[in-house]
Amino acid sequence: SYSFLNRIVYSTTILFISTTISLLIFGFVVKKGYIEKINSIIKPITKTLGIPEHFTIPLLLGLIDSRAEHAVLSQMHREGLINWRQISFYLLASMPLKLLLNIGPRYMFLPAIASLGPFYGFIYISLLIVQSSLNIPLSKLFRSPIKTSSMHLQNGFTQSIFRKAVDVRKVLRLYLIM
């Protein structure tokens, strides 16, 4: 039997290793140029949700691991590429997609069905999806237009980050701080 401290160390180690591996794989995908193909696939979804193109990388990371997503958003904010309103907009607008593809299946849907039964579990999941979908209109309150001084976000930033991998060392350092 594990003690409480051993469980915490074990859980933290697993989380750190999974996030590190996710970031390394993502860095490899970006360096090899596959991210442009993925971006062309995900572009209709982000356009429907109103998410700007420069949030593609955090969105893809968010579908794998939310800590990695937040570390990249934090790095982008520290470098002055995005502001808090854009981050708030992105988090609210992307929540339905992340609920359906990451958070829900991993942490909510199966426990809800197992504990509440199929009928009430389905009702609970439906309410979660409706609640999450309400974030899209709410996100419009935080949408701020991209200023002319930061127009490089649409063109230069996205293209340059597609050509070079996310600085994994900076992101891991931010992850360790979180």
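Below or above, wherever it landed, is the structure these notes cover. (Residues numbered from 1 in each chain as written. Predicted model: local features only at pLDDT ≥ 70, side-chain atom pairs only at ≥ 80, totals over all residues. Heavy atoms only, no water.)

1. Looking at the overall build of the protein
Scanning the protein from terminus to terminus reveals 8 helices and 0 strands. Each helix and strand of the protein, ordered N terminal to C terminal, gives the series α-α-α-α-α-α-α-α. Expressed as a percentage of the 178 residues in the protein, the buried residues total 40%. Residue pairs in contact within the protein that sit at least 24 positions apart in sequence constitute 72% of those at least 6 positions apart. By element, 68% of the accessible surface of the protein is carried by carbon and sulfur atoms, the whole surface being about 10800 Å². (Helix = DSSP H or I, 4+ residues; strand = E, 2+ residues; numbered from the N terminus. Buried < 20%, exposed > 50% of the residue type's maximum accessible area, 1.4 Å probe, protein only. Contact = heavy atoms within 4.5 Å. Areas by Shrake-Rupley, 256 points an atom, 1.4 Å probe, with all protein chains shown as cover.)

2. Brief notes about the pattern of salt bridges
Tallying each qualifying case throughout the model produces 1 salt bridge. For the salt bridge of Glu-69 with Lys-98, the shortest nitrogen-to-oxygen distance reads 2.9 Å. With Glu-69 in helix H4 (residues 66-78) and Lys-98 in helix H5 (residues 84-133), this residue pair connects regions lying 29 residues apart in the sequence. Since its relative accessible area comes to 1%, Glu-69 is described here as buried. (Salt bridge = Lys/Arg side-chain N within 4 Å of Asp/Glu carboxyl O.)

3. With respect to the side chain of Asn-135
The residue Asn-135 is located in helix H6 (residues 135-139) in this model. Owing to a relative accessible area of 17%, Asn-135 belongs among the buried residues under this scheme. With residues up to four places along the chain from it excluded, the contact list for Asn-135 reads Leu-92 and Met-95.

4. Details of H4
Relative to the 18 Å expected for 13 residues at 1.5 Å per residue, H4 spans 18 Å between its end C-alpha atoms, a close match to the ideal helical length. Every buried residue belonging to H4 is among Ala-68, Glu-69, Ala-71, Val-72, Leu-73, Ser-74, Gln-75 and Met-76, and all of these are buried. At the exit of H4 stands Gly-80, carrying a positive phi of roughly 80°. (Expected span 1.5 Å × (residues − 1).)

5. Quick look at the packing of aromatic side chains
Each aromatic ring pair is specified by the distance between its two centres and by the angle formed by the two planes. Per the counting criterion, the structure on display carries 2 aromatic pairs. An angle of 10° between the planes, with centres 4.8 Å apart, marks the rings of Phe-55 and Tyr-90 as stacked. A residue pair is termed long-range when its members are at least 10 positions apart, and Phe-55 in the loop between helix H2 (34-49) and helix H3 (56-64) and Tyr-90 in helix H5 qualify at 35 residues. Tyr-90 carries the same exposure label as Phe-55, and that label is buried. (Phe/Tyr/Trp six-rings, centres within 6.5 Å; stacked < 30°, edge-to-face > 60°.)

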